[in-house]
Amino acid sequence: MKLSLLLISAASVNAFTPSSLSNVNVNARTASSTELSMANGEKRKATMKVLKKAAKSAAAIAFAGAAVGTPAAMAKKTVEVVETVEKASVLTTKVLPIGAAAGAAFVASKTLFKGDSAASDDVAGAVKQDFLEATPYWNQDDVPVNVYKNKAPFTGKVVSTKRIVGPKATGETCHIIIDHNGDFPYWEGQSWGVIPPGNREKDGKPHSVRLYSIASSRYGDDMTGKTGSLCVRRATYWCPELQAEDPAKKGICSNFLCDTQPGDEIMMTGPAGKVMLMPEKDPETDYIMVATGTGIAPYRGFVRRLFTENTPAGEAYKGTAWLFLGVANSDALLYDDEWQTVLKEYPNNFKLDYALSREQNNKKGGKMYIQDKVEEYADEIFNKLDNGAHIYFCGLKGMMPGIQDMLKTVCAVKEIDFDEWLKGLKKNKQWHVEVY
């Protein structure tokens, strides 16, 4: 049996943007690997201990490096990881450039032993995302709400702003990572308020707060618990008379956010809301997540917590998380690389379906909207809901009439009283809606 130890480095914080996180096995590998040959179980166990020590060392250095200087300075720092197994030279000395992003060792450990769950669990255990948990982890008694308010907002700093859609997407969507230094805790499913700079033209008063669903887990994209992310579509207005965008009618806050640069300050409020939280007490709960466009944001936090990060919730989870996303075309898909990685690694616990309105047709020959895609699996979804699954809807409020009309149609076919059925879901807290 042979295993390969991949020594992974991050040259800068940009190594931990969404696209590179999901493609770490492609983009973040360094030059070489050391083959480990094990003749028997005892030698395998000994080697696992060596790997765990190496992972812990790399993790400690990565976290330390993240706190000591600029990415350029930290990229020059190196550490030698030297381990041997008695009577077998199975591990050689390697030099690891240490980048700015904390959590490198954990990402390495998650891809290190793909296909070997026992080895993966052993090494992944070296770095856990468990330091921001309630006691027990599913207890929602102390969920933070409205810690920062309009009159006394929090000041966050932009780490990065990145366009995450292709050239043929209908509009621009950006992923924005914000540093809060661990002073602005939140839970998956909550929102941050953003107060854009400047004053309103009509009365000279400060702009009002805009809410955005948080697009990361409580640990942030770098898994340090000191950052959070937003998924923002730039709001523009196309003037039919001018046959051009009218800058006077563009979205104040979305354009501010999409135009931010690293180091820019953002005035923030919240965190807001509890309606989209995951009920984690029963680890076999199924989650049905329905989104249009940037409504995908809270589900990215869900999926990272359950599958990408080494959290107590993820370790315990035995249910199925089913994601439906509706967008115009393939170029408008959001975080597809991340979903595909999770789908490959957890095929029994994660399901993914897209509704591409300009590329797919529904069963009637019309455009494929989100309600049409969900309807394709109506029997399975209704069965899951009957067995306690929770269903979530997030996106533009215009999505809900179509969703509800579809559900009414399905209920009629099944001879179910829609109003009573929906009332039951709400009573059991299985129905979660956040639209804007």
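Quick notes on the rules
- Residues numbered from 1 in each chain as written.
- Predicted model: local features only at pLDDT ≥ 70, side-chain atom pairs only at ≥ 80, totals over all residues.
- Heavy atoms only, no water.
- Helix = DSSP H or I, 4+ residues; strand = E, 2+ residues; numbered from the N terminus.
- Buried < 20%, exposed > 50% of the residue type's maximum accessible area, 1.4 Å probe, protein only.
- Contact = heavy atoms within 4.5 Å.
- 1 Å grid on protein atoms, 1.4 Å probe; cavity = no way out; pocket = protein on both sides within 12 Å on 5 of 7 lines; lining within 4 Å.
- Points joined across faces, edges and corners; volume = space filled by probe spheres on them.
- Nonpolar A, V, L, I, M, F, W, Y, C, P; charged D, E, K, R; others polar.
- Pairing = 2+ DSSP bridges.
- Right-handed = clockwise from strand over helix to strand, strands pointing away.
- Axes fitted to C-alpha atoms, helices over the stretch in contact; angles between N-to-C directions.

On to the overall build of the protein. The number of helices and strands found in the protein is 14 helices and 17 strands. The 436 residues of the protein split such that 51% are buried. Sequence-distant contacts in the protein: of pairs separated by 6 or more residues, those separated by 24 or more amount to 73%.

Below, the discussion takes up the layout of surface pockets. There is about 1,000 Å³ of room inside the largest pocket. In terms of lining residues, the largest pocket is bounded by 43 residues, among which Thr292, Gly293, Thr294, Leu396 and Tyr436 are the most central. Of all the elements in the fold, those that place two or more residues in the lining of the largest pocket are strand S8 (210-213), strand S9 (227-233), helix H7 (252-258), strand S14 (321-327), helix H11 (370-376), helix H13 (399-413) and strand S17 (431-435). Sort the elements by how many residues they give to the lining of the largest pocket and S8 lands first, with four residues. Taken together, the residues that form the lining of the largest pocket break down as 22 nonpolar, 16 polar and five charged.

Of all seven residues that make up strand S15 (residues 350-356), six are buried, and the element is covered over most of its length. Note that S14 and S15 share seven bridges and pair parallel. Residue pairing for S15: Val327 is matched across the bridge by Leu356. As a crossover connection, the stretch from S14 through helix H10 (residues 336-345) into S15 is right-handed.

Spatially, S8-S7-S12-S5-S6-S9 is the arrangement adopted by the six strands of the open sheet, whose pairing is antiparallel. A strand with exactly one partner marks an edge of an open sheet, and here the two such strands are S8 and S9. The sheet shows a mean angle of 40° between the axes of neighbouring strands, taken without regard to direction. Sheet topology note: the strand S5 (residues 154-163)/strand S12 (residues 265-272) ladder contains four bridges and is antiparallel. Looking at S12, one finds that Thr155 is bridged to Met267.

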